[in-house]
Amino acid sequence: QVQLVESGGGSVQAGGSLRLSCVASGYIDDINCKGWFRQVPGKAREVVAGIGETRATTNADFVQGRFAASQDSGNKILYLQMNNLKPEDTGMYYCAAGKRHTLGIAAGLCDYKFWGQGIQVTVSS
């Protein structure tokens, strides 16, 4: 099993920046893909950014080059750098991880089996 814990959220004014962190523990050697998701008021959960998929997926329009995912050299910590934040970015942000599908039409895409509890991001105008 894998456990994921997010941190780094909080409140910021429009135009500011935040960096979220997600620390993975447990049997992390079996993880080969990770990602960030969010759920904002009035909308369903949506993809923010991902690492480790071997098939390109559609980029979220709201990212607009403002967000970037990365991880430490040991692949234990997943980051989400968020710049030029906007009020509409307010919501719950989740990190997730799993293993890539290897067969079938989903080959190369991440099977997000493990999820963190989420962390609140609030952007004021």
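Each remark here, short or long, concerns the structure printed above.
So, how was this worked out
- Residues numbered from 1 in each chain as written.
- Predicted model: local features only at pLDDT ≥ 70, side-chain atom pairs only at ≥ 80, totals over all residues.
- Heavy atoms only, no water.
- Helix = DSSP H or I, 4+ residues; strand = E, 2+ residues; numbered from the N terminus.
- Buried < 20%, exposed > 50% of the residue type's maximum accessible area, 1.4 Å probe, protein only.
- Contact = heavy atoms within 4.5 Å.
- Areas by Shrake-Rupley, 256 points an atom, 1.4 Å probe, with all protein chains shown as cover.
- Lys, Arg positive; Asp, Glu negative; His and termini not counted.
- Charge placed at Lys NZ, Arg CZ, Asp CG, Glu CD.

Scanning the chain for helices and strands turns up zero helices and 10 strands. Secondary structure elements of the chain, listed N to C terminal, follow the sequence β-β-β-β-β-β-β-β-β-β. Looking at the chain as a whole, 38% of its 125 residues qualify as buried. Residue pairs in contact within the chain that sit at least 24 positions apart in sequence constitute 62% of those at least 6 positions apart. About 6900 Å² of surface is accessible on the chain, with carbon and sulfur atoms providing 48% of the total. Charged side chains in the chain number 12 positive and 10 negative. The centres of these two groups are separated by 1 Å.

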